[in-house]
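Residue-level structure breakdown
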Amino acid sequence: MGRRQTMMEKYKIQMKAYRKKRMKADSTPFSGAQESVYVMDSLNPEKRIKVMVKKTVTRNQRQVIECLACPECGADMTWDNNWEAFICTKHGKRAIYELAP
Ligand SMILES: [Zn+2]
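Reading the values: the criteria
Residues numbered from 1 in each chain as written. Predicted model: local features only at pLDDT ≥ 70, side-chain atom pairs only at ≥ 80, totals over all residues. Helix = DSSP H or I, 4+ residues; strand = E, 2+ residues; numbered from the N terminus. Buried ≥ 20, exposed ≤ 12 C-beta atoms within 10 Å, placed from the backbone. Contact = placed C-beta atoms within 7 Å. Core = buried A, V, L, I, M, F, W, Y, C linked by C-beta atoms within 7 Å. Pairing = 2+ DSSP bridges. pLDDT = per-residue confidence, 0-100.

**So, the overall build of the chain**
Regarding its fold elements, the chain presents one helix and six strands. Listed N to C, the secondary structure of the chain is α-β-β-β-β-β-β in terms of helices and strands. By residue count, 13% of the 101 residues in the chain fall in the buried class. When contacts within the chain are restricted to residue pairs at least 6 apart in sequence, long-range pairs at least 24 apart make up 33% of them.

See the structure below:
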């Protein structure tokens, strides 16, 4: 089958993945030391729901939200870069909560 990857090619692929990861990491929402934020259920975007910020981390000199409490079941929700939202998979069907202004 295909030719073997050279070291250089491997390096390039790794760097590309790394850059992608870094860029994506920057989409994590800024927290600003708030104790709670508003989110909206992607299935019911009219409703703003207040949720507790469980954990923040400082990344690239920004304080970002690492973990929110699910408004439905209270489980820890972490940021999902692909959805650009917090996802809870703990209470039945997957719930997607986007940050609300
Ligand atoms: Zn939940």
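**Quick word on the nonpolar core**
Side chains of nonpolar character tend, in soluble globular proteins, to be buried together. Listed in full, the twelve residues of the largest apolar core are Val37, Val39, Val51, Ile65, Leu68, Cys70, Met77, Trp79, Phe86, Cys88, Ala95 and Tyr97. Residue assignment for this core shows that the elements contributing at least two residues are strand S1 (36–41), strand S3 (62–69), strand S4 (76–80), strand S5 (85–88) and strand S6 (95–99).

**Notes on the pairing of S3**
With six bridges connecting them, strand S2 (residues 44–59) and S3 associate as antiparallel partners. The residue of S3 that forms the bridge with Thr56 is Ile65. Connecting S2 to the next strand, S3, in antiparallel fashion are two residues, including Asn60 with a positive phi near 50 degrees. In the sheet, S3 pairs with S4 via three bridges, with the strands oriented antiparallel. Opposite Ala69, over in S4, you have Asp76 as the bridge partner.

**Side note on the environment of Arg48**
Mapping Arg48 onto the fold places it in strand S2. For the pair formed by Arg48 and Pro101, sequence separation is 53 residues and the distance between their alpha carbons is 8.9 Å. Ignoring any residue separated from it by four or fewer positions in sequence, one finds Arg48 in contact with Tyr38, Met40 and Ala100.

**Concerning the environment of Thr28**
Structurally, Thr28 can be placed in the loop between helix H1 (7–25) and S1. Given 19 C-beta atoms within a 10 Å radius, Thr28 is considered partly exposed. For the pair Thr28 and Arg59, spaced 31 residues apart in sequence, the C-alpha to C-alpha distance is 9.4 Å.

**Looking at the pairing of S5**
The two faces of S5 differ: Phe86 and Cys88 on one face are buried, but Ala85 and Ile87 on the other face are not. When S4 meets S5, the two strands line up antiparallel, connected through three bridges. Bridge pairing links Thr78 to Ile87 in S5. A loop of four residues connects S4 with S5, the two strands running antiparallel in sequence, and Glu84 in this loop sits at a positive phi of about 55 degrees.

**Quick notes on the confidence of the model for the chain**
Of all residues in the chain, 88% have pLDDT values of 70 or greater, and the mean over the chain is 85. Here H1 is the element of the chain with the lowest mean pLDDT, 78, and S5 is the one with the highest, 95.

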